[in-house]
Number of protein chains: 6
Amino acid sequence: MLLHLSTWPEVETYLLQSTGIILPIGSTEQHGPTGLIGTDAICAEAIARGVGEATQAMVGPTINVGMALHHTAFPGTISLRPTTLIQVVRDYITCLSKAGFSKFYFINGHGGNIATLKAAFSETYAYLEDLQIHNAHQVQCQVANWFMCSSVYKLAKELYGDQEGSHATPSEVAVTQFVYPEAIKQAPLSPEVAKGHRIYSAADFRLHYPDGRMGSNPALATPEHGKQFYDAAVKELSNSYLEFVNAE
Amino acid sequence: MLLHLSTWPEVETYLLQSTGIILPIGSTEQHGPTGLIGTDAICAEAIARGVGEATQAMVGPTINVGMALHHTAFPGTISLRPTTLIQVVRDYITCLSKAGFSKFYFINGHGGNIATLKAAFSETYAYLEDLQIHNAHQVQCQVANWFMCSSVYKLAKELYGDQEGSHATPSEVAVTQFVYPEAIKQAPLSPEVAKGHRIYSAADFRLHYPDGRMGSNPALATPEHGKQFYDAAVKELSNSYLEFVNAE
Amino acid sequence: MLLHLSTWPEVETYLLQSTGIILPIGSTEQHGPTGLIGTDAICAEAIARGVGEATQAMVGPTINVGMALHHTAFPGTISLRPTTLIQVVRDYITCLSKAGFSKFYFINGHGGNIATLKAAFSETYAYLEDLQIHNAHQVQCQVANWFMCSSVYKLAKELYGDQEGSHATPSEVAVTQFVYPEAIKQAPLSPEVAKGHRIYSAADFRLHYPDGRMGSNPALATPEHGKQFYDAAVKELSNSYLEFVNAE
Amino acid sequence: MLLHLSTWPEVETYLLQSTGIILPIGSTEQHGPTGLIGTDAICAEAIARGVGEATQAMVGPTINVGMALHHTAFPGTISLRPTTLIQVVRDYITCLSKAGFSKFYFINGHGGNIATLKAAFSETYAYLEDLQIHNAHQVQCQVANWFMCSSVYKLAKELYGDQEGSHATPSEVAVTQFVYPEAIKQAPLSPEVAKGHRIYSAADFRLHYPDGRMGSNPALATPEHGKQFYDAAVKELSNSYLEFVNAE
Amino acid sequence: MLLHLSTWPEVETYLLQSTGIILPIGSTEQHGPTGLIGTDAICAEAIARGVGEATQAMVGPTINVGMALHHTAFPGTISLRPTTLIQVVRDYITCLSKAGFSKFYFINGHGGNIATLKAAFSETYAYLEDLQIHNAHQVQCQVANWFMCSSVYKLAKELYGDQEGSHATPSEVAVTQFVYPEAIKQAPLSPEVAKGHRIYSAADFRLHYPDGRMGSNPALATPEHGKQFYDAAVKELSNSYLEFVNAE
Amino acid sequence: MLLHLSTWPEVETYLLQSTGIILPIGSTEQHGPTGLIGTDAICAEAIARGVGEATQAMVGPTINVGMALHHTAFPGTISLRPTTLIQVVRDYITCLSKAGFSKFYFINGHGGNIATLKAAFSETYAYLEDLQIHNAHQVQCQVANWFMCSSVYKLAKELYGDQEGSHATPSEVAVTQFVYPEAIKQAPLSPEVAKGHRIYSAADFRLHYPDGRMGSNPALATPEHGKQFYDAAVKELSNSYLEFVNAE
């Protein structure tokens, strides 16, 4: 059930049976010479909708710009500052929890969002408790990173070994190829690819990762792989979501 | 050209010929008993992409949650506070202007966003000038409201007369029916519909507009009307965009 | 009744009969070679006090610095950033609504304030509702722009035609001449005056409007005209204020 | 020279000979049963203009709402939060220092403003240095409290002894009587008046100071006294201002 | 009783008999050629712990970085901006007041903290009242500056006369020598030392106070003096604390 | 080399040979019936100073209050909100990087700080780049959690097996016993201890972890173990620090 394709009375009815909602969150950032700038949002959105179908859960609008400051030396990247993203998340949860939602399951497509999301959850719990919102104590948030699902991880290892890398990975590129086969890109990729340098400022990132990839070989990706990753993630996260909403 | 389906080298190439970008912005808010919660984002996104195709312009990711605090007494509505949305816009423009974009054309689907967007533009110009960003003086932002296009306005008048109303209007519902024919909703609509009360707090809004509509009869909408509105808006805004990017 | 010339027990008594208050808001910004930097505050304050007398309404202190970032490339301009002005308005309304005021009527002298004021109202309604302030649902804010009164507009058209322009207008200059006849300025005005360029950054504004005027010929202003504008605005806004405070 | 009655070319000319500006700051807060709510702004403004005349200094618009949170349990009081006032001051000084002003002399009428003003100055110096504004190192701010002038203090002691108190004092009431003789208020004042309790929350303040006075007997005030205080303050602060602008 | 060496059940027990807590606050800033960068935190912490022992009061963790922006042109200085420190203080008091503390006694070692602390107290009282926290009206904060104790002042006058100065003073250096005799530093001190220049920006400060001292001769300090200052401050502040917690 | 026991000329000298600094960060939060509220700060500070000695690195003042909002339902806990902590970290790094430091190594004693610290690093890199601070691109931050050292983890496993738990662990309690043998606490501990519940709001946390422990048996701790943990952590983190400062 997609929130943006629902009416408010439908939401009201939904809330009679569940207080859970899935919120996809991605990023708008460079993904190497062949990866789509929307990769993280595309993956998170597709998988979140798959989980929503599998579990009858409400799926909210995709947060398609996240925390990607370290990628901003590449054109096309858009990032919120962490303090902005914290306010965004606080606003989402405040609105939805007043309406009766209390289980917020963020399906996330970007590693760089994790820290800020966790900080945002803490900030929000305290804000709702400060305001003495009626269901403040029931509000629970969780971040679920599709790319860290054990089934996804295992599959990536099998298919790509060390060439999976950690940014602009073949696994995420594969998912975007599955979702948008019309947007598969070709570009020469240097056989050697930087890896192992920690992430600091945007300028430093570009200096060390000149084409944007981090140890990955996205040329290995295929739409078929993408379907496999998609299926694995949807299955694993559907279980995880149900466990989350059914837990105390 | 869709930013999320592009690679960073493609953006780099794009910037050689244009510094313009279209940013769709909508809202996630109640639209009466039959209107989709995503109406404003759906319309803005569809029209923005149409304009992008017509003008070869880059189209960024849709800001699908806007300033809809007055609708938050209806379940399913999500809103940013104005101060949050200002930070979001500031972050978008700061990232993109550093990369070389300087003409920001927001195609907007929600009246409630206008004031905050304008405030955000002022805040951002001053921030960029304070930072002495190299192209600070060139940065220009404009908000273009598809529903205020004269061709759209005229068509709505012809088709619906007074029943167009001002929220959950048949014109915007029609566009969503055109875009998502599979999500056309039916629900009984009281023949009498509130109108004329100004907008204050969320509780006050719901008190005066109990089913969420403001003077509108969305039952008049059809997907065919939606196509007409879409075509009119794309045409008019394409001209407007080109004028904007070509102006000094 | 002027708040600054009242005592707190007088305010307490006033609140027994009315919860309305008029808040004048202007700006401190360049108004061309002959316009006073305080023009917008002077006009708003004078007219607000006139309305206060005509309607027995409480008139608060004048917010004499507003949102004028686009004028800051001219010396003497002072501006709040939109996010600052939002906090200022929130603080005013929070204090006053706790004391029992609930109808806030901003008489505004500066177009640049409108967007931020509207954003501030939304922010404030939500803040008061979040805090569960006792009268949060009753709080209503309205911005009334004296220069957009139909009677004012009509008079300006009659007196000045196209030479009214849109900044440093003869109508506003006339009101300041009526209020401060001792501060009528003379300076050569180029017969040609820039107009039609949209407002972006401060540097861009000065580039396109080198003497600060926007299509106006303030040399046409006279103190007598000022009295006419003043009378028209006071009359029209008095009716508007009464309608506002008496509405549900 | 009053900024609000000047034109921008006049400001430009002024800056050729001086970079100093006087900014009056008061408060809008209860001043006991007979004191005007605008007392602190009225005094600061009148004295600031007197100093401006005596020294040929530019006088900016009056900040008529300050930090008076502890008075907000009395109706009619309006206060900025300290964090808001800091942003306001930062915005004023940023605008004016970019235009070439560098000596900011705040003539203050309210003890409650002092701490926040000092905090704001520190915040602003650092902000301007962070931005590397061209004259950041030259910017200097000073707060001058007219009621703490030694001549004022001595006169208050002579005229009122212990009945001067520390809020709604006869000295400040006298100045308002001198400035606004038409607004002299009469009300019964209990002979016993609370004093000596420190200032904490607004509720606590009203509990301990039930009529708003702090140890004062404003019934002793006369307009003639007001003139004496005014003259003393203007003289002493004029010297202080000149010393400030002429210092390195 | 030191909070950091207590368990939460011990705190619970403490709250049955007292709602008071002592919070030491210092600074991390240059203190001239021989003064320790931690001087203000060291003094505040030692004296606060002495007061805690003498009065059986709870002593919280030391805020060892304060508001020292004007010292930041010297390496090793760390400062919070005033707006940051206000949030820090607000967070401390919000947490502790929810737990039942209501008397907050800040023992302060740095003059530069005073203004911001006072602003923070005002901000916090209003925040707690806005939230309608159960004990909001009881919360009371006080700043006690050990170096402004009359006994300390008198002793410094006796021992050092005019050579006490106002920053990197022999009295504070003496206390650090008493607390950390192993960290007594030697360095040549110019016999002439700057004084009398007001504090503005960091660059301006270093320009006028090139070695960081303000009119002081810290070479006069001895550990024995330090013990005397410590004893005097502990005695005087213990009385002050008891008066504070026992007052209404 | 301890920053608070150094003078500014000593810092200046240090910067000639190294731009690295260690910043201990802990928390002030409940640690079960027998754990000290300052546990996380105590451990971080002790280990950081050990590392500082071993590597000749500068060690800054301990951030002894961190992000512990989920513990605030237990008395004695003090927490910053994430947005406050982000500002604090930004202020520290801004001051220190202007002075020439560029390698910031946070030795952390509290899992709850990690997310916010990482968010703060991102926020800060971008802020420094926005400001165009001279060494913005060189600034690098790293968080090193002593309790996640592999040697520490292995030792805890050997000594305590499953009874290590995840909060108020015997390993961290042991370190505090080693550092403060005089503050070893005794209290009855229920043999059954809650575990496995995720962390959400403060009220929820206390509901599920009624005595504050998370799956741990701190009664197993001894000061001797503490020494072992201390030694292991100092050794491992010293290597890690040197690798960090020597890396590009």
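Before going into details, it helps to say that this report is about the structure given with it. In this text, all values refer to a predicted model and were calculated from it rather than measured experimentally. (Residues numbered from 1 in each chain as written. Chains lettered and ligands numbered in written order. Predicted model: local features only at pLDDT ≥ 70, side-chain atom pairs only at ≥ 80, totals over all residues. Heavy atoms only, no water.)

1. A look at the overall build of chain A
Tallying secondary structure elements over chain A gives eight helices and four strands in all. Order of helices (α) and strands (β) in chain A, N terminus to C terminus: α-β-α-β-α-β-α-β-α-α-α-α. Relative to a compact globule of 248 residues, whose C-alpha radius of gyration would be 18 Å, chain A shows 18 Å and is just as compact. In terms of overall dimensions, chain A has a C-alpha envelope of 55 × 35 × 30 Å along the principal axes. With 248 residues in all, chain A has 68% of them scored as buried. In the structure as shown, chain A presents an accessible area of about 8300 Å², 54% of it carried by carbon and sulfur atoms. If the 15 positive side-chain charges of chain A are averaged to one point and the 23 negative ones to another, these points end up 4 Å apart. (Helix = DSSP H or I, 4+ residues; strand = E, 2+ residues; numbered from the N terminus. Rg over C-alpha atoms; globule rule 2.2 N^0.38 Å. Buried < 20%, exposed > 50% of the residue type's maximum accessible area, 1.4 Å probe, protein only. Areas by Shrake-Rupley, 256 points an atom, 1.4 Å probe, with all protein chains shown as cover. Lys, Arg positive; Asp, Glu negative; His and termini not counted. Charge placed at Lys NZ, Arg CZ, Asp CG, Glu CD.)

2. Thoughts on unusual backbone geometry
A positive phi angle, close to 60°, is found at A:Ala168, a residue other than glycine. Along the chain, A:Ala168 turns up in the loop between helix H5 (150-160) and helix H6 (170-179). Phi is positive for D:Gln132, close to 60°, though the residue is something other than glycine. What makes D:Gln132 partly exposed here is its relative accessible area of 45%.

3. Overview of the relation of the copies chain B and chain A
Its rotation angle being 180°, the transformation that places chain B on chain A also includes 0.0 Å of axial translation and leaves an RMSD of 0.0 Å. Both chain copies can therefore be described as sitting about a two-fold axis. Considering only C-alpha atoms, the residue of chain B closest to the rotation axis is B:Thr84, which sits at 3.4 Å. When you check the interface residues of chain B against chain A, 100% turn up at the interface there too, and the contact is symmetric in its surfaces. (Least-squares fit on C-alpha atoms with pLDDT ≥ 70 in both. Contact = heavy atoms within 4.5 Å.)

4. What about the state of the cysteines?
Residues and elements named next belong to chain C. According to the stated counting rule, one finds zero disulfides over all chains in the structure shown. This cysteine, Cys43, is not joined by any disulfide, and Cys149 carries the nearest cysteine sulfur, 12 Å off. Residue classification places Cys43 among the buried positions, given a relative accessible area of 0%. (Disulfide = S-S within 2.5 Å.)

5. Some details on the packing of helix H3 (residues 82-99) of chain C against helix H4 (residues 114-131) of chain C
Helix-helix packing is characterised by the crossing angle of the two axes and by the distance between the axes. Residues and elements named next belong to chain C. Across the interface, H3 lies against H4 with an axial gap of 9 Å and an inter-helix angle of 50°. As summarised for this structure, H3 and H4 are arranged oblique, according to the angle between their axes. In the crossing of H3 with H4, the sense of the turn from one axis to the other is right-handed. For the pair formed by H3 and H4, the contact residues are Pro82, Leu85, Ile86, Val89, Arg90, Ile93, Thr94 and Ser97 on the first element and Thr116, Leu117, Ala119, Ala120, Phe121, Glu123, Thr124, Tyr127 and Leu128 on the second. When grouped by side-chain class, the residues that make up the contact of H3 with H4 number 11 nonpolar, four polar and two charged. (Axes fitted to C-alpha atoms, helices over the stretch in contact; angles between N-to-C directions. Parallel < 35°, antiparallel > 145°, perpendicular 65-115°, else oblique. Left-handed = near helix turned anticlockwise from the far one by under 90°. Nonpolar A, V, L, I, M, F, W, Y, C, P; charged D, E, K, R; others polar.)

6. Looking at the sheet that holds strand E4 (residues 140-145) of chain B
Residues and elements named next belong to chain B. The strand order E2-E1-E3-E4 describes an open sheet built from four strands, whose pairing is parallel. Lying at the two open borders of the sheet, with one neighbouring strand each, are strand E2 (58-59) and E4. As defined by bridge partners, strand E3 (residues 103-108) adjoins E4 across six bridges and the pair is classed as parallel. Residue pairing in the sheet places Asn108 in a bridge with Asn145 of E4. Helix-sheet contacts for helix H4 (residues 114-131) involve strand E1 (20-25), E3 and E4, and the interaxial angle to E4 is about 175°. Along the sheet, helix H8 (residues 223-246) makes contact with E1, E3 and E4, crossing E3 at roughly 160°. (Pairing = 2+ DSSP bridges.)

Nothing here speaks to function; it is all geometry.
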